[in-house]
Amino acid sequence: MLDKDLVALEALDPAEIVSLLDLADQVKAEPGKYRTALEGQTLGMIFQKPSTRTRVSFEVGIYQLGGIGLFLSSSDLQLGRGETIADTAKVLSRFVDGIMARVFAHSDIEDLAKYATVPVINGLTDFLHPCQALADFQTMREHGGALAGKKLAYIGDATNVYNSLLIGAMKLGMHCSIAAPKGYQPDPALIERYRGHAVSPDLQTDVTDDPKAAVADANFVYTDVWTSMGQEQERQARLKDLAPYQINTALMAAAAPGAKFMHCLPAHRGEEVTDAVADSEASIIFDEAENRLHAQKAVMLKLMGTGF
Ligand code: CP
Ligand code: NVA
């Protein structure tokens with residue numbers, strides 16, 4: 001249930017996800033209607049890792065809703081000098097009306113949510129990126145209509161972004177295949193756990209090491225960076241292991257006719273995707289980026305507003 005926090009899509013009912021997407025569409029269509037919805041409210045934004053999209057879309061988003069965002073780099077907070085997550089959550093709750101946090105350990109966002117008395121929103125952890133997935137499902141609906149029965153093919157490292165897309169797909173009735181080499185594939189136990197949320201037992205969650213097999217009949221072909229934040233020391237091995245998983249024009253041609261290319265960004269062009277694909281007519285990467293703003297405004301309205 002979407003009650004106090006948005007830590008993981010796993011906790012949300014399918015209808016709650018659809019309701020968030022519908023609100024995101026409304027906010028996008030009529031932004032002026034929501035200009036004072038969170039008047040006078042403050043969103044504390046904790047960042048343990050860098051960000052372009054998440055930082056800017058949350059800061060602009062809260063401003064457009066009548067509130068203000070406070071950028072709190074963890075290196076500037078006492079958190080960076082050993083103050084506990086619990087104490088940080090309790091103190092910030094006395095000052096701000098909501099907290100958005102991007103952290104390394106997923107347990108840190110869970111602890112923030114546990115100890116904060118104000119809503120906590122997950123802005124990415126090593127395990128999940130739910131706000132990205134919400135914006136992506138909004139974008140898929142815009143470009144492909146109803147999501148149920150559509151196929152999302154994810155190519156490359158099974159990252160935090162893949163994990164959030166997979167659980168969302170199960171709740172929204174989409175097939176979700178992945179192609180990755182051994183060592184970069186999702187944990188089978190996680191797939192089983194997420195399959196437990198599938199709205200239909202027929203949903204496919206194929207795991208293969210063959211990119212062509214994964215993209216067959218796919219309406220959306222998705223990738224993420226090969227080296228996520230915090231994995232920089234593994235970069236050379238990752239470049240080598242994941243090289244056969246680049247999304248290029250030939251791989252896109254093996255997907256369903258009219259298939260769209262998706263990427264959470266930032267992209268490492270020439271690695272996981274070629275310029276030709278990223279800049280093609282099929283690419284909807286900048287719509288995804290824009291929809292971070294609208295989807296997160298919907299999240300803030302639901303969690304921090306009244307009557308949404
Ligand atoms: N996609 C995404 O979360 O981008 P940033 O790292 O720039 O926030
Ligand atoms: N998997 C990537 C996503 C960036 C938005 C990372 O964690 O760095």
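Look up a bit, the structure's there.
Residues numbered from 1 in each chain as written. Chains lettered and ligands numbered in written order. Predicted model: local features only at pLDDT ≥ 70, side-chain atom pairs only at ≥ 80, totals over all residues. Heavy atoms only, no water.

## Digging into helix 2 (residues 53-64)
Note the threshold: For helices the rule is a DSSP run of H or I covering at least 4 residues; for strands it is a run of E covering at least 2, with both sets numbered from the N terminus onward. Take the residue count of a helix, subtract one, and multiply by 1.5 Å to get its expected span. Residue contacts are counted whenever heavy atoms from the two residues lie within 4.5 Å of one another.
For helix 2, built from twelve residues, the straight-helix expectation of 16 Å at 1.5 Å per residue is met to within 8% by its first-to-last C-alpha distance of 16 Å. On its buried face, helix 2 sits against strand 1 (42-47), strand 2 (68-73), strand 3 (98-102), strand 4 (120-122), helix 5 (130-144) and helix 12 (285-304). Directly after helix 2, the chain includes glycine 66, whose backbone phi takes a positive value near 100°.

## Digging into helix 3 (residues 85-93)
What counts here: Each residue is assigned to one of three classes by its accessible area relative to the maximum for its type, calculated with a 1.4 Å probe on protein chains only: buried under 20%, partly exposed between the two thresholds, exposed over 50%. Directions from the helix axis toward the C-beta atoms define the arc.
What helix 3 keeps buried is the set Ile85, Ala86, Thr88, Ala89, Leu92 and Ser93. Around the axis of helix 3, the buried residues are gathered within 165° of arc, so they sit on the same side. If you follow the buried residues of helix 3, they end up packed against strand 1, strand 2, strand 3 and helix 4 (106-115).

## A short note on the pattern of salt bridges
How we decide: Salt bridge, as applied in this entry: a Lys or Arg side-chain nitrogen positioned within 4 Å of an Asp or Glu carboxyl oxygen.
Counted under the stated rule, the structure contains twelve salt bridges. Between glutamate 142 and lysine 28 there is a salt bridge; the shortest N-O distance is 2.8 Å. Remark: lysine 28 occurs in helix 1 (residues 14-29) and glutamate 142 occurs in helix 5; sequence separation between them is 114 residues. With relative accessibility at 37%, the residue glutamate 142 sits in the partly exposed group. Taking the relative accessible area as the measure of exposure, lysine 28 reaches 26% and is therefore partly exposed. The closest approach of N and O atoms between arginine 238 and aspartate 157, which form a salt bridge, is 2.9 Å. With arginine 238 in helix 9 (residues 235-242) and aspartate 157 in the loop between strand 5 (151-155) and helix 6 (160-172), this residue pair connects regions lying 81 residues apart in the sequence. On the accessibility criterion, arginine 238 (6% relative accessible area) is buried. Beyond isolated ion pairs, a larger network of salt bridges with shared partners links Asp22, Asp25 and Arg141.

## Here we look at the environment of alanine 253
Here alanine 253 shows up in helix 10 (residues 249-253). Between the C-alpha atom of alanine 253 and that of lysine 212, which follows or precedes it by 41 residues, the distance is 9.5 Å.

By themselves, these are just geometric observations and shouldn't be taken as functional.
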